[in-house]
Amino acid sequence: MPFLFDRTREQHAHSILDYRTFLSDSLLGRRFIAELSHEAKLRGLSFRVERRRGKGGHAMIWLGDRVTTLPSREIDPKTARKIRKSLGLD
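Along each chain, residue indices are assigned from 1 in the same order as the chain's sequence is written. With the structure being a predicted model, the display of local features is reserved for residues of pLDDT at least 70 and the display and counting of side-chain atom pairs for 80 or more, all residues being used for whole-chain, interface and lining totals. Only hydrogens and water are set aside; all other atoms, that is, all heavy atoms of the structure, feed into the side-chain values.

1. Some thoughts on the overall build of the chain
Phase 1: In this text, helices come from DSSP runs of H or I with a minimum length of four residues, and strands from runs of E with a minimum of two, each type numbered from the N-terminal end. The secondary structure content of the chain amounts to three helices and three strands.
Phase 2: Ordering the α and β elements of the chain from the N terminus gives α-α-β-β-β-α.
Phase 3: Only protein chains enter the accessibility calculation, which uses a 1.4 Å probe; a residue whose area is less than 20% of its type maximum is buried, one above 50% is exposed, and one in between is partly exposed. Relative to its full complement of 90 residues, the chain shows a buried share of 29%.
Phase 4: By the convention used here, residues are in contact when the closest approach between their heavy atoms is within 4.5 Å. If you take every contact in the chain between residues at least 6 apart in sequence, the share linking residues at least 24 apart comes to 27%.
Phase 5: Only carbon and sulfur atoms are counted for the fraction: they give 54% of the accessible area of the chain, which is about 7,000 Å². For the accessible areas, the method is Shrake-Rupley and the probe is 1.4 Å, while residue cover comes only from the protein chains on display.

2. Focus on the pairing of strand β2 (residues 59-63)
Phase 1: The buried fraction of β2 amounts to five of the five residues, a majority that puts the element mostly inside the structure.
Phase 2: Burial along β2 is two-sided: Ala 59, Ile 61 and Leu 63 and Met 60 and Trp 62, pointing in opposite directions, are all buried.
Phase 3: Taken together, the five bridges between β2 and strand β3 (residues 66-70) define a ladder with antiparallel strand orientation. Considered in β3, the bridge of Trp 62 is made with Val 67.
Phase 4: Pairing between strands requires that DSSP locate at least two bridges from one strand to the other. Between β2 and β3, which pair antiparallel and follow one another directly, the connecting turn spans two residues, one of which, Gly 64, has a positive phi of 65 degrees.

3. Comments concerning helix α3 (residues 77-86)
Phase 1: Those residues of α3 lying buried are Thr 79, Ala 80, Ile 83 and Arg 84. Angularly, the buried residues of α3 cover 135 degrees about the axis, an arc narrow enough to put them on a single face. More than 90 degrees from the buried face of α3, the exposed residues found are Pro 77, Lys 78, Arg 81, Lys 82 and Lys 85.
Phase 2: At the C-terminal side of α3, Gly 88 shows a positive phi close to 80 degrees. What the arc describes is the spread of directions from the helix axis to the C-beta atoms.

4. Here's the deal with the pattern of salt bridges
Phase 1: The working definition used for a salt bridge is a side-chain nitrogen of Lys or Arg within 4 Å of a carboxyl oxygen of Asp or Glu. Under the counting rule described, the total for this entry stands at four salt bridges.
Phase 2: Here Arg 84 makes a salt bridge to Glu 39, at a shortest N to O gap of 3.0 Å. Residue Arg 84 is found in helix α3, and its partner Glu 39 is found in helix α2 (residues 9-43); the two are separated by 45 residues along the sequence. Each member of the pair Arg 84 and Glu 39 is classed as buried.
Phase 3: Between Asp 90 and Arg 84 there is a salt bridge, and its shortest N-O distance comes to 3.4 Å.
Phase 4: Since its relative accessible area comes to 59%, Asp 90 is described here as exposed.
Phase 5: Taking the relative accessible area as the measure of exposure, Arg 84 reaches 18% and is therefore buried.
Phase 6: Among the charged side chains, a network of salt bridges with common partners joins Glu 39, Arg 43, Arg 84 and Asp 90.

5. Examining the sheet that holds strand β1 (residues 47-50)
Phase 1: One open sheet holds the three strands; their spatial order is β1-β2-β3, and the pairing between them is antiparallel. Strand pairing shows two members of the sheet lacking a second neighbour, β1 and β3, which therefore form its edges. Neighbour to neighbour, the strand axes of the sheet diverge by 20 degrees on average, direction disregarded. Angles shown run from 0 to 180 degrees and are taken between the N-to-C directions of axes, each axis being a line fitted to C-alpha atoms and, for helices, limited to the stretch in contact.

Take a look at the structure:
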């Protein structure tokens, strides 16, 4: 790994932590998207996600005729409720 030689030990540890945080956040977001997709399927609604259309790393989600944005950060319970409400699931 060439970047190991260009960085101090603290910088390297910090970059690994940032990468692991990014991975866990993206996995949590993917899990939430999977739950929304499953619920759409149960209700017989169309479901689509586009990451390119959102600004600042956000994704756009379409569920039936409703649309909302999904933040690129971790989805906490309050945010999940708001997203679900805007999609008409709660």
